[in-house]
There are 2 protein chains.
Amino acid sequence: MSQAEISAVNRIFEDAVRRRDLERMASVYTADAIALPPGGPIVQGRENIKRLWGSALEEMGVKSVKIETVDLQLAGDLAYEVGRATLALPAGPAIVKFVVVWKKEDAQWRVHRDIWNADAS
Amino acid sequence: MSQAEISAVNRIFEDAVRRRDLERMASVYTADAIALPPGGPIVQGRENIKRLWGSALEEMGVKSVKIETVDLQLAGDLAYEVGRATLALPAGPAIVKFVVVWKKEDAQWRVHRDIWNADAS
């Protein structure tokens, strides 16, 4: 049940990237989410994460993201996911690994902690 | 209480790195832990993580690690931590950001999911 809900949120995010809908991308995060992008500082809060993704789409030229869940464990209103994401970039696809801590708030699963790094090079 | 216990495990890990005690470093992980090192594949299981750290100490020349907790939230037998770690390398210190999912097993907090990446460059 919850696993399907979390998977659905990942599909919403993928779709929002394709549409370049930053508002919708940010909406999958909790208000006090924390994102940890490689080579950058810790980013706190949905609004700052929205700006982070705005830069990623513009500066890195991310066209799409495909999220693959490797491991997802539920624990009450929390869940943690390990996975891989394939980013379509102008120079070709880039694969990153990630850990996401999910939090259920107001009956909605949202990304609460989000960190990723490059996969095997 | 649990926060102090988790902090104590971080101190054990720091001490184990200083002593180059791989067995003790690996002992802070759950048997089925997953580590996600930057630029490498997903590493599953305590024994493989022990080998990962063995390579890090040898090939990267890690002399010590200092862990700073930025955010730690408890939820039953799970916890998630956001932090920074300073690695002493031959070329000078390197700062990484991390997310750790902690799991309490047999009355002992252990690292269950562990991912890090470079801080602002």
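Check the entry above for the structure.
The structure displayed is predicted, hence computed values, not measured ones.

Caption draft 1: Quick look at the side chain of Asn10(A). Mapped onto the fold, Asn10(A) is located in helix H1 (residues 2-18). In this structure, Asn10(A) is in contact with Ile67(A), Thr69(A), Glu81(A) and Trp102(A), ignoring residues within four places of it in sequence.

Caption draft 2: Molecular detail of the interface of chain B and chain A. Contacts between the two partners involve 29 residues from chain B, matched on the other side by 29 residues from chain A. Summing the contributions of chain B and of chain A, the shared interface buries around 2,300 Å²; its carbon and sulfur component is 71%. Joining chain B to chain A, the criterion identifies two salt bridges. Asp71(A) is the partner of Arg113(B) in a salt bridge, and the nearest nitrogen-oxygen pair spans 2.8 Å.

Caption draft 3: Structural context of unusual backbone geometry. All names here are of chain A. Phi at Arg20 takes a positive value of approximately 55°, unusual for a residue other than glycine. Topologically, Arg20 is positioned in the loop between H1 and helix H2 (22-27). In this structure Arg20 comes out as partly exposed when scored by relative accessible area, which is 39%.

Caption draft 4: Up close: the layout of surface pockets. Residues and elements named next belong to chain B. The calculated volume of the largest pocket comes to roughly 600 Å³. Considering the residues around the largest pocket, the lining is formed by 30 residues, among which Trp53, Leu87, Val96, Asp114 and Trp116 are closest to the centre. Elements that contribute at least two residues to the lining of the largest pocket include exactly helix H1 (2-18), helix H3 (46-59), strand E3 (64-75), strand E4 (78-89), strand E5 (92-105) and strand E6 (108-118). Residues that form the lining of the largest pocket fall into these classes: 24 nonpolar, three polar and three charged. Empty space within the second largest pocket amounts to approximately 490 Å³.

The rules behind each value
Each residue is numbered by its place in its chain's sequence as written, counting from 1. Written order decides the labels, with chains lettered from A and ligands numbered from 1. Reporting of local features is limited, given that this is a predicted model, to residues whose pLDDT is at least 70; pairs of side-chain atoms are given and counted only at 80 or more, and all residues count toward the totals for whole chains, interfaces and linings. Working from all heavy atoms in the structure, the side-chain values ignore hydrogens and water. Helix and strand definitions follow DSSP, with helices as H or I runs of at least four residues and strands as E runs of at least two, each counted in order from the N terminus. Contact definition: two residues touch when any of their heavy atoms are within 4.5 Å. Buried area is a sum: the accessible area each of two parts loses on coming together, probed at 1.4 Å, counted once for each and added. Every case where a carboxyl oxygen of Asp or Glu lies within 4 Å of a side-chain nitrogen of Lys or Arg is listed as a salt bridge. Whether a residue is buried, partly exposed or exposed follows from its accessible area with a 1.4 Å probe, protein chains only, as a fraction of its type maximum: under 20%, in between, or over 50%, in that order. Throughout, the protein atoms alone are placed on a 1 Å grid, and a set of points is a cavity if a 1.4 Å probe fits but cannot get out or a pocket if it is open with protein on both sides within 12 Å along at least five of seven lines; lining residues have an atom within 4 Å of a point. Grid points are joined across faces, edges and corners, and a volume is the space filled by probe spheres set on the points. The classification used treats Ala, Val, Leu, Ile, Met, Phe, Trp, Tyr, Cys and Pro as nonpolar, Asp, Glu, Lys and Arg as charged, and all other residues, Gly among them, as polar.

By themselves, these are just geometric observations and shouldn't be taken as functional.
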